[in-house]
Each structure stands twice: as C-alpha cells, then as structure tokens.
Amino acid sequence: MHTFGDPTVWLPFVFAALMGVSILIYVVLDGFDLGVGVLFPFAEADEKDRMIASIGPFWDANETWLVLAIGLMLVAFPAAHGTILTALYLPVTIMLIGLILRGVAFEFRAKAPAPQKRTWNNAFFAGSLMTSLSQGFMLGMYVMGLEWSWINAGFGLLTAVFLTVGYSFIGATWVIHKTDEHLQRKAVDWAKGGIWGLILGIGAISLATPFVSTRIFDKWFSWPEAAYLAPLPILSGLIVVWLWSMLRQMPFANDKWSWLPFVAATALWIMAFGGMAYSFYPYVVPEQLTIYEAASAPESLFIILMGTCIVLPTILGYTVLAYTIFRGKATELRYD
C-alpha cells in the first residue's frame, strides 16, 4: 500500500495542486480583464479608455498563469494533456485566436488613426468574447467527461454563456474598484445583472456534476463524504447575499470600500472551484485518468519541481509587484 511519503503519491498530488492553483488564479485575474472586454459594448468611447486603463498594467501578466497551468500539465501529466487537448482541439483553437485578437487590438487601438479606433475596440470585444465563450464551452465539456455528443455539446454551450456572463460580473466588480463617478455607478448596474449569470452557471454545473458518475454522486450524497462538501454551498450562498447587499448600497461614502465586491466575487469563484476540485479528485481526466496514472516518472517530476520552485515565486512576485505599484484608481489613459 502506497503512503503519502511515497514520491509516486505526493509528487503527483503536489503538481495537481500547483496546476489547480494556477488555473484558479488565471480564472480570477484574466477573468476580470476578459470581463472588462466583454462589457465594452455597454460603455461610451471615453469610458472604454478608462476601462482599458484599469487593466492595462495587468492583462498581459494575467495570461502567464494560463501558460504556467498548461505547462505544468504538459510536463507533469502528459497523458492527460494529450487526452484533454485532443478532445478540445476546436475550442482551444478559438480561444487562442481570441487571445491573439485581444493582444493585437489592445496595442492597435492606441496607435491607429481616430476613425479606426472603433474597429479595434470591436476587435478587443470580439477577442474577449471568443476567449470567454471557448473557455466556458471547454469547462462544460470537461465536466461532462470530454465525450462529444449533442447533449454534452449543448451543456457546453450553456456553460459558455454562463461563464462569459460570470466573467463580465467579476470584470464589473473590478471596474467598480478602479473607477469612480458615472462609470462606477454604471459598473454597479452591470454587476447586478452579471451576478445572476455566475449563479446560474454554478447552479448548472452543480446539477450536472453528480450525474457524471456514481463515484461523484456518492461523494455528494453519502455520509460522511457529503459533510466535507456541505460548507461550500452554504458559504457560497452567504457570499451571494453579501454581494447583493453591497451592490444595492453602492457607491459607498468616500468610495472607501470599493474593493469589497471584487474580493467577494473572488471568494465566490474560489468556492466554485473548490467544489469542482473536491468532486473530480483524484481524476485529472474525468473518470478516465487519475493524477497518479497520468503522472510522469517520479524522477522527472522531482527535477521539474525544482524548476517550478524558481519559476512560481518569480511569477507570483511580479504579479504582486504589478498590483502593488498600480493600486488605486485608474488614471487618464495616455500614450505620449
């Protein structure tokens, strides 16, 4: 019987945890700047500049966490990497096109002649929408076991819409924090609408997940396993009530607590991600490959772990540094 002191046990677990944390940080950080792009059609021209200024110092670094997560999967769980990307080849391609379009539009909107700026604003929105929808579709297909069928694809389309609205919600909470006056009040209204997409998305995935396999069903509804999961929906419900109460009272006097909705939204994402992690563990490919079956050799994992101990703190360090230096309200967007 293997114990946790066995490197064939603890090394795959450590890498699964590192990969999970990287995905979670990516979803929160790139989720809010994707959400800002999705909200572009609802903003005026000068408001779009302010919204871009609010994510300008961060958006490129935020995507580093996606690169790290995929890199960890490739080197630590190569079998899972091949299975997942093979099944999701089309939505991954759409996501990459969307990310490229976002990057190009972000730079060109600042340098193009004034008559062309609207075109690049639309391109930034299109890239954000493509990326959000494709990630939502991949999430739905992953939950359903990566099996292509009309029902699973339909569920993927449903989660694509809900995740996109969820991104717009956390993007709106970011705009609330980084702006003031009219745009901030408008962002509060966006958040009031977007929160329902996030709630419906979490609800849809929660309803579908137990029926993916009898193993997950037993984890959710048998005792004492159900007791481990129970705090997550309870806490999520409390956070939703707290969020809605805050949004109804905003903007606060002196704008002192404008960061609270973003923190609460982040906590809600963490609860949802924790529920998924609990449900699918120890599988990295739902009901097909466990993290132990898909893992590279312990010798390889140990060498990769030494590199990760250098790379991960570096990425975390410059992320914290960027958010510290550019804290506070977004200022006027200037390129001179």
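Residues numbered from 1 in each chain as written. Predicted model: local features only at pLDDT ≥ 70, side-chain atom pairs only at ≥ 80, totals over all residues. Heavy atoms only, no water.

Asker: Explain the nonpolar core to me, using residue names and the numbers behind them.
Answerer: Formed by 97 residues in total, the largest nonpolar core has its most connected members in Met51 and Phe77. Not counting the four nearest positions on each side in its chain, phenylalanine 77 is found in contact with Pro12, Phe15, Ala16, Met19, Leu72, Ile291, Ala294 and Ala295. (Core = buried A, V, L, I, M, F, W, Y, C linked by side-chain atoms within 4.5 Å. Buried < 20%, exposed > 50% of the residue type's maximum accessible area, 1.4 Å probe, protein only. Contact = heavy atoms within 4.5 Å.)

Asker: Pulling in residues and values, what's your account of helix α6 (residues 89-111)?
Answerer: Each α-helix turn comprises 3.6 residues. Residues three or four places apart therefore point the same way. The first and last C-alpha atoms of α6 sit 34 Å apart over 23 residues, in line with the 33 Å expected at 1.5 Å per residue. When we look at burial in α6, the residues that qualify are Pro91, Val92, Met95, Gly98, Leu99, Arg102, Gly103, Ala105, Phe106 and Arg109. Considering only its buried residues, α6 is in contact with α1 (7-38), α2 (45-55), α3 (59-62), α4 (64-76), α5 (78-87) and α7 (114-143). (Helix = DSSP H or I, 4+ residues; strand = E, 2+ residues; numbered from the N terminus. Expected span 1.5 Å × (residues − 1).)

Asker: Just give me the short version of a nonpolar patch on the surface, but keep the residues and values in it.
Answerer: Taken together, the side chains of Phe13, Tyr281 and Tyr292 define a hydrophobic patch exposed on the protein surface, amounting to about 260 Å² of accessible area. Among the structural elements, tyrosine 292 can be located in helix α14 (residues 291-294). (Patch = residues over 30% accessible without salt bridge, like charges linked within 9 Å, V, L, I, M, F, W, Y side chains within 5 Å. Areas by Shrake-Rupley, 256 points an atom, 1.4 Å probe, with all protein chains shown as cover. Salt bridge = Lys/Arg side-chain N within 4 Å of Asp/Glu carboxyl O.)

Asker: Account for the packing of α4 against helix α15 (residues 298-325), naming residues and giving values.
Answerer: α15 packs onto α4 with a crossing angle of 175° between their chain directions and a minimal axis gap of 12 Å. In this view, α4 runs roughly antiparallel relative to α15, as classed from their interaxial angle. Residues Thr64, Trp65, Leu68, Leu72, Val75 and Ala76 of α4 touch α15, and the partners they reach there are Leu301, Ile304, Thr308, Val311, Leu312, Ile315, Leu316, Tyr318 and Thr319. Of the residues assigned to the contact of α4 with α15, the class counts are 12 nonpolar, 3 polar and no charged. (Axes fitted to C-alpha atoms, helices over the stretch in contact; angles between N-to-C directions. Parallel < 35°, antiparallel > 145°, perpendicular 65-115°, else oblique. Nonpolar A, V, L, I, M, F, W, Y, C, P; charged D, E, K, R; others polar.)

Asker: Any details on unusual backbone geometry? Residues and values, ideally.
Answerer: Most peptide bonds take the trans configuration, and most residues that are not glycine carry a negative phi. Looking along the chain, the bond that leaves tyrosine 281 and enters proline 282 is cis, with omega of 10°. Looking at the element boundaries, proline 282 is found in the loop between α13 (260-280) and β1 (283-285). In this structure, leucine 146 is a non-glycine residue whose phi angle is positive, near 65°. Inspection of the secondary structure assignment puts leucine 146 in the loop between α7 and α8 (150-178).

Asker: Lay out the packing of aromatic side chains with the relevant residues and their values.
Answerer: What the rule picks out here adds up to 18 aromatic pairs. Seen from their ring centres, phenylalanine 137 and tryptophan 148 are 5.6 Å apart, and the 40° between their planes marks the pair as tilted. Of this pair, phenylalanine 137 sits in helix α7 while tryptophan 148 sits in the loop between α7 and α8, placing them 11 residues apart in sequence. Take phenylalanine 137: its relative accessible area is 11%, and that puts it in the buried class. Its relative accessible area of 47% is what places tryptophan 148 among the partly exposed residues. Aromatic rings pair up to connect Phe32, Phe58, Trp174, Phe262, Tyr323 and Phe326 into one cluster. (Phe/Tyr/Trp six-rings, centres within 6.5 Å; stacked < 30°, edge-to-face > 60°.)

Asker: For the pattern of salt bridges, give the residues involved together with the corresponding values.
Answerer: This structure, assessed with the given rule, holds 4 salt bridges. A salt bridge links arginine 102 to aspartate 33; the shortest N-O distance between them is 2.7 Å. Of this pair, arginine 102 sits in helix α6 while aspartate 33 sits in helix α1; the two residues are 69 residues apart in sequence, bridging distant segments of the chain. Both residues of the pair, arginine 102 and aspartate 33, belong to the buried class. A salt bridge links lysine 186 to glutamate 47; its shortest N-O distance comes to 3.0 Å. Linking lysine 186 in helix α9 (residues 181-208) with glutamate 47 in helix α2, this pair joins segments that are 139 residues apart in sequence.

The values are spatial; any link to function lies outside them.
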